[in-house]
Amino acid sequence: MPYLEIHDLTVSYEKNQPTLERFSLDVEQGELVSLLGPSGCGKTTTLRSIAGFIRPDAGQIVINGRDYTFLPPNQRDIGLVFQSYALFPHLTVFHNVAFGLRMRRIPKEEVHSRVANALKMVGLEAFADRRPAQLSGGQQQRVALARATVIEPQVLLLDEPLSNLDARLRVDMRQEIRRAQQQLGITTLYVTHDQVEAMSISDRVVVMNQGDIEQVGTPESIFATPETAFVADFMGFDNHFSAAVDSVHDNQLTVNWGGAPIQLPWRSKFGSPQAGARAEIFFRADNASLAAGSEASGLAGRVILHTFHGNERRYLVETEVGEFSVMQDSAGERFEPGATVTLQPNTQKWIAIIE
């Protein structure tokens, strides 16, 4: 039986306009699941409903066999890490972390032991007497993580906890959070709009859109095999064009691309596609390459823009099918705007989606 169960959760901020409608999700004990999606998709609403800050219109929330749906927040054994950290500015690091334990009337000796262990876990044992204003953003986030985990909650909820940090610190804190979660074995829901963050930290990813689940899967499956056009676009499949299906054979279909047939893997929620159906084709910028001049084995085009990205260059190429972005190794041949090139596909990593 799943450890965290969300059944048909419905939440409306305005009448007849649900933010979540019949949202269902099961999370196993010790699993870290990320809710990933753009702003307004319902991911934070889901988290706040589990925490008890929002009363759902319908549905059920069950944790370890107990119905949490209408329990007040202070009766839920849940740890929270907010985007804003929400530390008490007048309390020291030690007393911030100890706050939840003291509210639960844990004996003083145990409080000191558990707080010391929590601060050691996040590498802040030397900062116990400082106040939040004397800490960096990353240190404050570590205090928030220690405070949420020291109570040994049944479920840990993290609401975009890294969005206020700079890029390098976000990478470090992702590792800290994942290490702590695995070390403690806490069942965790992690809300983010950052695809890389979700891919690097999660056991499973739930891609959300307008209050619904678009796709649930491992980071690898979400990254490589999106099941809907929304997921493909959101997960960084930069290039997209439409084409009619010429034929279908098992898990491959054939479409025409600039006068030549290409075979692609396909995804559809409506069964096997038929010839004549419209397919939406997606591929990433690094799933194609450029060669100088015109060649028979690819699609002729003209470079209209290039930008430097350190080890790679991104080219925008105009073709008869449309404009496509292509990433090339910076050490390779450089193509200036106006150059004639051939776009050569790596169709094994392309995806055709029928909706």
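Read on for a plain summary of the structure. If you're wondering where the values come from, they're calculated on a predicted model, not measured in any experiment.

For the rest of this paragraph, the subject is the pairing of strand 1 (residues 4-14). Successive residues of a regular strand alternate their side chains across the two faces of the sheet. Two strands pair when backbone bridges link them, and strand 1 and strand 4 (residues 58-63) are joined in this way by five bridges, in the antiparallel orientation. Each bridged residue has a counterpart across the sheet, and for Ile 6 the counterpart in strand 4 is Ile 61.

So, about helix 5 (residues 167-184). The terminal C-alpha atoms of helix 5 lie 26 Å apart, and with 18 residues this matches the ideal 26 Å at 1.5 Å per residue to within 8%. Among the residues of helix 5, Met 173, Arg 174, Glu 176, Ile 177, Arg 178, Ala 180 and Gln 181 are the ones counted as buried. Taken together, the buried residues of helix 5 touch strand 3 (32-36), helix 3 (108-121), helix 4 (137-150), strand 7 (155-159), strand 8 (187-192) and helix 6 (195-201). Measuring from the backbone nitrogen of Arg 168 back to the side-chain oxygen at the start of helix 5 gives 3.3 Å, which picks out Asp 166 as the cap. Directly beyond the C-terminal end of helix 5, a positive phi value near 70° is found at Gly 185.

Direction vectors running N to C along helix 4 and helix 5 enclose 15°, while the axes themselves pass 11 Å from each other. Relative to helix 5, the element helix 4 lies roughly parallel. In this structure, helix 4 meets helix 5 at a crossing whose hand is right-handed. For the pair helix 4 and helix 5, the contacting residues are Gly 138, Gln 141, Arg 142, Leu 145 and Thr 149 in the first and Leu 169, Met 173, Glu 176, Ile 177, Ala 180 and Leu 184 in the second. Class assignment for the residues of the contact of helix 4 with helix 5 results in six nonpolar, three polar and two charged.

Attention now goes to the sheet that holds strand 15 (residues 288-292). Pairing in this open sheet of five strands is antiparallel, and the strands run 15-19-16-17-18 from one edge to the other. The open sheet has two edge strands, strand 15 and strand 18 (323-329), and neither has a second partner. With direction set aside, neighbouring strand axes in the sheet form an average angle of 45°. Relative to strand 17 (residues 312-319), strand 16 (residues 299-309) runs antiparallel, the two being bridged by eight bridges. Bridging across to strand 17, Leu 305 finds its partner in Leu 316.

In this structure, Val 97, Val 115, Leu 145 and Ile 177 are the most contacted members of the largest nonpolar core, which totals 36 residues. Breaking this core down by element, the ones donating at least two residues are helix 2 (93-103), helix 3, helix 4, strand 7 and helix 5. With six residues, helix 4 is the largest single contributor of residues to this core. Setting aside chain neighbours within four positions, we find Val 97 in contact with Val 115, Ala 118, Leu 119, Val 143, Ala 146, Arg 147 and Val 150.

The periodicity of an α-helix, 3.6 residues per turn, causes residues three or four places apart in sequence to face the same way. Helix length check: helix 3 (14 residues) gives 20 Å between terminal C-alpha atoms against 20 Å at 1.5 Å per residue, within 8%. Listing the buried residues of helix 3 in full gives Val 111, Arg 114, Val 115, Ala 118, Leu 119 and Met 121. Down the axis of helix 3, the buried set is contained in an arc of 150°. They therefore lie on one face. Among the exposed residues of helix 3, those oriented more than 90 degrees off its buried face are Glu 109 and Lys 120. Its buried side turned inward, helix 3 meets helix 2, helix 4 and helix 5. Looking one or two residues past helix 3, Gly 123 carries a phi angle of roughly 70°, positive in sign.

Conventions adopted
- Residues numbered from 1 in each chain as written.
- Predicted model: local features only at pLDDT ≥ 70, side-chain atom pairs only at ≥ 80, totals over all residues.
- Heavy atoms only, no water.
- Pairing = 2+ DSSP bridges.
- Helix = DSSP H or I, 4+ residues; strand = E, 2+ residues; numbered from the N terminus.
- Expected span 1.5 Å × (residues − 1).
- Buried < 20%, exposed > 50% of the residue type's maximum accessible area, 1.4 Å probe, protein only.
- Contact = heavy atoms within 4.5 Å.
- Polar contact = N/O pair within 3.5 Å; in protein donor to acceptor, adjacent residues only side chain to side chain.
- Axes fitted to C-alpha atoms, helices over the stretch in contact; angles between N-to-C directions.
- Parallel < 35°, antiparallel > 145°, perpendicular 65-115°, else oblique.
- Left-handed = near helix turned anticlockwise from the far one by under 90°.
- Nonpolar A, V, L, I, M, F, W, Y, C, P; charged D, E, K, R; others polar.
- Core = buried A, V, L, I, M, F, W, Y, C linked by side-chain atoms within 4.5 Å.
- Arc of directions from axis to C-beta.

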